[in-house]
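# Observations on the three-dimensional arrangement
Listed below are the residues making up each chain.
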Amino acid sequence: MTATNPFTSTERRPHVEGPFHAHELGLTGRNSGILLESLRHDVTPTGLHYLLNHFDVPYVPAEAGWKVDIAGRVRNAGAVSLDAIKLLPSRTLRVTLECAGNGRGLLTPRYPSMPWTGEAVGTAEWTGTPLRDLLDRTGLLDDAMEIAFIGADRGFDRGHEHDYGRSLKREAALSEDVLLVWAMNGTPLLPQHGYPLRLVVPGWYGMASVKWLRRIEALNKPYDGFQQISSYQYRPAPDGPTTPVTLMRVKSLMVPPGIPNFYTRARMLDAGPVAVFGRAWSGGGVPVSKVEVGVDGVWREAELEPRPGPYAWSSWRFTWNAAPGEHELACRATDDNGDTQPLEPRWDSGGFGNNVMHRVQVTVR
Ligand SMILES: Nc1nc2c(c(=O)[nH]1)N[C@H]1C(S)=C(S)[C@@H](COP(=O)(O)O)O[C@H]1N2
Ligand SMILES: [Mo]
């Protein structure tokens, strides 16, 4: 690879194979995934929730004085204080969030970015004001077709300097489930999760849920921020057409049974009945209809619990009669749209939306 100046090069980074680059390892040190064993918790303890920050976490010592600028195609533009937002009616929603890049590190070749394997997911109780209530008070003009959300973090990607920002179409933004959130699991947001205010867009991949929210702009044309049009686009062929990344795809994960090998994370367990436990979810409020567990390629249906809310993962259970030897366990979910997790990763140029089945290698003694 020829050395290019990352502040001026607007090229997409060339795909790589094999060993992970020091820059990828640097990103895995900054952005953590859930520990698979903590899938047991219905609500992920806050410190175990996954994390994805593109730039630096803004230093916000206190929420006093935090304001959100409301601008663009609205009747009443101006700054609204967080205090005023908190006085509006609030809701708490249990939401499973997953990073759109989850599984990127499993693709060959892969795009050099955060090389998630499968752990970029978590479920939290998010408390905030429906965005709709704020927009109703602000008054959207008839020609406002998109609402953009801008965070307080800024950086460069592929030569573009920008504040992290994303938009929603007017109709999506006006759903009562899109929240301006100030609390996670009953306590103020942690700095790394967007303190003091963030957006949470249930059912969507995580990139839509803009943290450190400081500006809301109503637009009469499509938002053209970098994270909207240049990143977060599916590209099944490197130079082919793109489609925007939006709702989460159906997915499942299991708590790896037994005890781990420290380095490989392969599992060791005793022969006999094993209670295998996991989670499954899909996007857009679509329920999971079925989870199957594969033992050495033979699939059987798991017992699926009803989900506790339209945006929260479901739990599932499966009893495996483990016989001595080497085995591969796998799980895959299907949702009410009839979408099923693929057995092989679907390649994507930017590494988005990889919802391949989850596989775990097990030694039974
Ligand atoms: N301002 C801002 N918001 C952001 C991001 C960011 O880097 N900056 N990352 C997004 C991405 S890609 C994801 S997956 C989620 C992660 O949210 P979490 O770190 O609270 O789990 O935040 C989203 N919101
Ligand atoms: Mo993400």
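Let me sum up the structure you'll find in this document.

## Concerning empty space enclosed by the protein
Here the structure, examined in full by the defined rule, presents two cavities of 30 Å³ or more. Its boundaries defined by the atoms lining it, the largest cavity holds a volume of some 230 Å³. Contributing to the lining of the largest cavity are 20 residues, with Leu52, Arg198, Gly206, Ser209 and Lys211 lying nearest its centre. Of the residues in the lining of the largest cavity, the class split is eleven nonpolar, six polar and three charged. The volume enclosed by the second largest cavity comes to roughly 40 Å³. Trp281, Ser282, Val286, Pro287, Val288, Arg307, Pro310, Tyr311 and Ala312 together form the lining of the second largest cavity.

## Re the side chain of Arg158
Here Arg158 shows up in the loop between β5 (146-157) and β6 (160-169). Nearest to the buried, unbridged Arg158 among oppositely charged side chains is Asp157, at 5.4 Å. Setting aside chain neighbours within four positions, we find Arg158 in contact with Pro6, Ser9, Thr10, Glu11, Arg12, Arg13, Tyr111, Phe226 and Ser230.

## Structural notes on the site of ligand 1
For ligand 1, the set of nearby residues contains 18 residues, the closest of which are His54, Asp153, His193, Arg198 and Lys211. Tyr50 places a polar main-chain atom, nitrogen or oxygen, 2.8 Å from an oxygen atom of ligand 1. Take His54: an N or O atom from its side chain is 2.8 Å from an oxygen atom of ligand 1. Protein contacts shield 100% of the accessible area of ligand 1, which totals 530 Å² for the unbound molecule. Most atoms of ligand 1, that is more than half of them, are within 2 Å of grid points of the largest cavity. The residue inventory of the shell around ligand 1, partitioned by class, reads nine nonpolar, six polar and three charged.

## Notes on the layout of surface pockets
For the largest pocket, the calculated volume is near 1300 Å³. Arg13, Leu27, Pro112, Ser113 and Asp157 are the residues nearest the centre of the largest pocket, which is lined by 42 residues in total. For the lining of the largest pocket, the elements supplying multiple residues, two or more each, are α1 (22-30) and β5. The volume enclosed by the second largest pocket comes to roughly 1000 Å³. In this structure, the second largest pocket is lined by 30 residues; those nearest its centre are Leu36, Thr117, Glu119, Arg265 and His358. Within the residue set of the lining of the second largest pocket, elements represented by two or more residues are β13 (251-254) and β22 (358-364). The greatest single-element share of the lining of the second largest pocket, amounting to four residues, is contributed by β22. For the lining of the second largest pocket, the class distribution of residues is 15 nonpolar, eight polar and seven charged. Shared between two domains, the lining of the second largest pocket holds at least three residues of each, these being domain 1 (22-244) and domain 2 (251-364).

Calculation criteria
Residues numbered from 1 in each chain as written. Chains lettered and ligands numbered in written order. Predicted model: local features only at pLDDT ≥ 70, side-chain atom pairs only at ≥ 80, totals over all residues. Heavy atoms only, no water. 1 Å grid on protein atoms, 1.4 Å probe; cavity = no way out; pocket = protein on both sides within 12 Å on 5 of 7 lines; lining within 4 Å. Points joined across faces, edges and corners; volume = space filled by probe spheres on them. Nonpolar A, V, L, I, M, F, W, Y, C, P; charged D, E, K, R; others polar. Helix = DSSP H or I, 4+ residues; strand = E, 2+ residues; numbered from the N terminus. Buried < 20%, exposed > 50% of the residue type's maximum accessible area, 1.4 Å probe, protein only. Lys, Arg positive; Asp, Glu negative; His and termini not counted. Salt bridge = Lys/Arg side-chain N within 4 Å of Asp/Glu carboxyl O. Contact = heavy atoms within 4.5 Å. Near = heavy atom within 4 Å. Polar contact = N/O pair within 3.5 Å; in protein donor to acceptor, adjacent residues only side chain to side chain. Areas by Shrake-Rupley, 256 points an atom, 1.4 Å probe, with all protein chains shown as cover. Sits in = over half its atoms within 2 Å of the grid points. Domains from an automatic or database assignment.

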